[in-house]
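# Structural overview
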Amino acid sequence: MWYTRKQFLTSTLFTSARIVQQINFKSNLPTCIYNMEEAYLRFGKGQETFNFTFRYVDNELKIDRQFNFNRRSNEPVSAFLKRIDCNVGKIIIKKKLQKSKVQKKAEKKLNKDQEAKENSDEIDEDRSIKVALLKNEITVEDDTPCEIAFENVSQLTLQISESKFSIKQNVPWIEEISLPQSILVGFPTYPSKFITSFTNIKDSKFMWYKNLRSSTPNKPPEWKEIGRGYFYIPTSEDMGYKLKLDCIPANEEQRGPCMEIESPNLVEAGPGRCPFESRHAFTTNQLSGNSFRVLSYNLLADTYADSDYSRGVLFPYCPPYALHIDYRKQLLLKEIIGFNSDIICLQEVDDKIYTADYEPTLSVLHYDSVFNRKGAEVVEGLSTFYNKKRFEKLDFNSVIISENLNLESFKSTWEKIENEKTKTRFMERNTSVQVTTLKFKENPSEILIVGNTHLYFHPNADHIRLLQGFFAVLYVKHIAEKVKEQNPDCNVNIILCGDFNSVPDCGIYQLMTTGFVPSDFKDWNSFPEEAVTNISLSQNIQFASACGTPEHTNYTVEFSGCLDYIYYQTERLEVEQVIPMPSNEELTLHIAIPSVVFPSDHISLCADLKLKNR
């Protein structure tokens, strides 16, 4: 449907019989659409201040203004009303004076001295306006503290001159909203900033429009509605146009004033078909029953991609715009969404990007999630998403390995290590493991333990990674045993996903797939100064790599190889399908990855697993 500015304001998007109009701000800044018969109070019991917003309209005086007040909650009603009187009255007096001057000039009846005197008298006479706070149409006493007066706002009315405002408390409210700098054809776009109060995304309404750019000079543009929902995927027909998003924030009980925002830039052409789109051909279906799809992906945190070193040394072949997070996150989300996974284990997740992008966008697709940073000083970490239609979260645990060496099954091994340099280096790492415990909704007797980790990277640190990997598997086993104790009638199944920074001939793969690493294994001597002696490792869970050992899960100019794995418990789970990996030709088309069509330096792993019949 086509919308002009006027048509939008009177369309069926607003079913209220009350009149709403738009308050204009600068271009590309949010514009709020307030109901002009409502005042909005944001205040909770015990708060020291409150915020009060309303829109005052006087068509005769041509006033249409928004007023915002931030006041102390213990001040008397009289002080609050006096401030309203002062702020609103000043505008009314000014408009009356302007109107009077126009009338006097038109009449040409009075001399300048007489006109000045009459204007002065008029200002004195009209300096105060009628402002009152009414409770059930009875004036609230002046000395009543505002916090007491606001105890039941449903009975309150604010009166200013002849206008009356019903007071709405803590309605859904948009504090900040903006659209991204980069919007690409074929890739999801959504608010790059969406900060709200009392708002649920699932209950809110989102309407997307395209600017039709009027060819008539000085004529306002027309907007055509092109989509609804939290995110929108622009088509080729949108290229070269600006977008506008209108959002009505809401929760289960109320809805707030609509906010609209225009995109700062035009919709641009995308990079064309990305290799992950060919992989999506194998994941068009959503699984059910005993089958579930698992995705593991190191996203390349922005904190590592957005640096002079990354642009000049690590990825010099990659155009700077393709390394920018505004570009990459569009590709990342399209790739992740297209796999239709039930479990998504992500590494190198920027905390701000998780909060502003991944979590809200995937939540509208029925994913819940957990996230933890790798220590207070690190801005990236691990995140696990799960399809809440299929799983119920029973528990979540996360540890930084170096801070939890008292794990009973690991402690005995740690105490045998004699090389203090090894211990110091191990303790300096902030490597973490997160474990999410999920129960199948379709089969409540089955529980899935999902481990997610990202081990330390350094070419001479195979011994450190081996110890970290050993801790990770012991920790996941520890959680699984606790869950089994708490749910004795359930089957407990384990997967452990992540970027292990270890190729298949390293000790971690040996430990996971054979259950044993001898004391003379080469990893223990990966850095002679930190050599580990007389230590062997064992674990008794039968694991296998769901995707096998692909030639590449990481492909850069300096290094390429298999570093990422989805390990699964073979006695309880089986593989139904492995999503094919990109070809070498695709990986090298732009020299290496990341590139304009690969948003990370890692390749996502995806496999369909199934509970074995028992």
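The shown structure was predicted, so the numbers you read here are calculated from the model rather than taken from an experiment.

Helix and strand content of the protein: 15 helices and 31 strands. With 614 residues in all, the protein has 54% of them scored as buried. Taking all contacts inside the protein whose residues are at least 6 apart in sequence as the whole, residues at least 24 apart take part in 70%.

What the rule picks out here adds up to 27 salt bridges. Between Glu75 and Arg71 there is a salt bridge, with its nearest N and O atoms 2.9 Å apart. Glu529 is the salt-bridge partner of Lys421, the closest N and O atoms lying 3.6 Å from each other. A residue pair is termed long-range when its members are at least 10 positions apart, and Lys421 in helix 12 (residues 420–427) and Glu529 in the loop between strand 24 (516–517) and strand 25 (537–538) qualify at 108 residues. The class for Lys421 is partly exposed, based on a relative accessible area of 48%. On the basis of relative accessible area, Glu529 is assigned to the partly exposed category, the value being 49%.

Bringing the sheet that holds strand 19 (residues 380–387) into the picture now. With mixed pairing, six strands are arranged side by side in an open sheet as 18-19-17-16-31-30. Only two strands of the sheet have a single partner each, and these edge strands are strand 18 (367–373) and strand 30 (573–578). Mean inter-strand twist for the sheet, computed between neighbouring axes without regard to direction, equals 25°. Inspection of the sheet shows strand 18 paired to strand 19 by seven bridges, in the antiparallel sense. Within strand 19, the position partnered with Val370 by the bridge is Thr384. Strands strand 17 (343–350), strand 18 and strand 19 of the sheet are contacted by helix 10 (residues 351–363), whose axis makes an angle of about 170° with strand 18.

The next thing to look at is the sheet that holds strand 26 (residues 543–545). Either a parallel or an antiparallel arrangement is found when strands of a sheet pair, and the pairing is made through backbone hydrogen bonds. The strand order 20-21-22-23-29-26 describes an open sheet built from six strands, whose pairing is mixed. At either end of the open sheet lies a strand with only one pairing partner, and these are strand 20 (391–400) and strand 26. Between one strand axis and the next, the sheet turns through 20° on average, direction left out of account. As judged from the seven bridges shared by strand 21 (residues 432–440) and strand 22 (residues 446–454), these two strands associate in the antiparallel manner. Along strand 22, the bridge assignment pairs Gln434 with Asn452. The sheet strands contacting helix 13 (residues 462–486) are strand 20, strand 21, strand 22, strand 23 (491–499) and strand 26, and the helix crosses strand 23 at an angle near 155°.

The element strand 19 is extensively covered by neighbouring structure, given that eight of its eight residues are classed as buried. Pairing geometry for strand 17 and strand 19, over six bridges, is antiparallel. Bridged to Ile343 within strand 19 is Tyr386.

Take the environment of Leu438 next. With respect to the helices and strands, Leu438 occurs in strand 21. Owing to a relative accessible area of 0%, Leu438 belongs among the buried residues under this scheme. Measuring from C-alpha to C-alpha, the distance between Leu438 and Gln181 comes to 37 Å, with 257 residues separating the pair along the chain.

For the coordinates displayed, the defined rule picks out 36 aromatic pairs. Their ring planes at 85° and their centres at 5.2 Å tell us that Tyr321 and Tyr327 sit as a pair that is edge-to-face. Residue classification places Tyr327 among the buried residues on the basis of a relative accessible area of 7%. An aromatic cluster is built from Phe43, Phe50, Phe52, Phe54, Phe67, Phe69, Phe80, Phe150 and Phe165, whose rings are joined through pairwise contacts. Just above the ring of Tyr241 sits the side chain of Lys210; from NZ or CZ to the centre is 5.0 Å.

Turning our eyes to something else, we now look at the nonpolar core. Phe410, Phe426, Ile449, Tyr475, Trp524 and Leu537 are the most contacted members of the largest nonpolar core, which totals 47 residues. Counting only elements with at least two residues in this core, the list comes to helix 11 (408–416), strand 21, strand 22, helix 13, strand 23, helix 14 (507–514) and strand 29 (564–569). Sort the elements by how many residues they give to this core and helix 13 lands first, with 13 residues. In this structure, Tyr40, Val267, Tyr297 and Phe385 belong to the second largest nonpolar core, which totals 43 residues.

What follows covers the confidence of the model for the protein. For the protein, per-residue confidence averages 90 on the pLDDT scale, and residues scoring 70 or more make up 90% of the total. Contacts for the low-pLDDT stretch residues 1–26, under 50 throughout, to residues beyond four places or in other chains number 66 contacts. Here residues 120–126 scores under 50 on pLDDT; set against residues more than four positions off or in separate chains, the count is six contacts.

Here is what the cut-offs are and how they apply
Residues numbered from 1 in each chain as written. Predicted model: local features only at pLDDT ≥ 70, side-chain atom pairs only at ≥ 80, totals over all residues. Heavy atoms only, no water. Helix = DSSP H or I, 4+ residues; strand = E, 2+ residues; numbered from the N terminus. Buried < 20%, exposed > 50% of the residue type's maximum accessible area, 1.4 Å probe, protein only. Contact = heavy atoms within 4.5 Å. Salt bridge = Lys/Arg side-chain N within 4 Å of Asp/Glu carboxyl O. Pairing = 2+ DSSP bridges. Axes fitted to C-alpha atoms, helices over the stretch in contact; angles between N-to-C directions. Phe/Tyr/Trp six-rings, centres within 6.5 Å; stacked < 30°, edge-to-face > 60°. Lys NZ or Arg CZ within 6 Å of the ring centre and 35° of its normal. Core = buried A, V, L, I, M, F, W, Y, C linked by side-chain atoms within 4.5 Å. pLDDT = per-residue confidence, 0-100.

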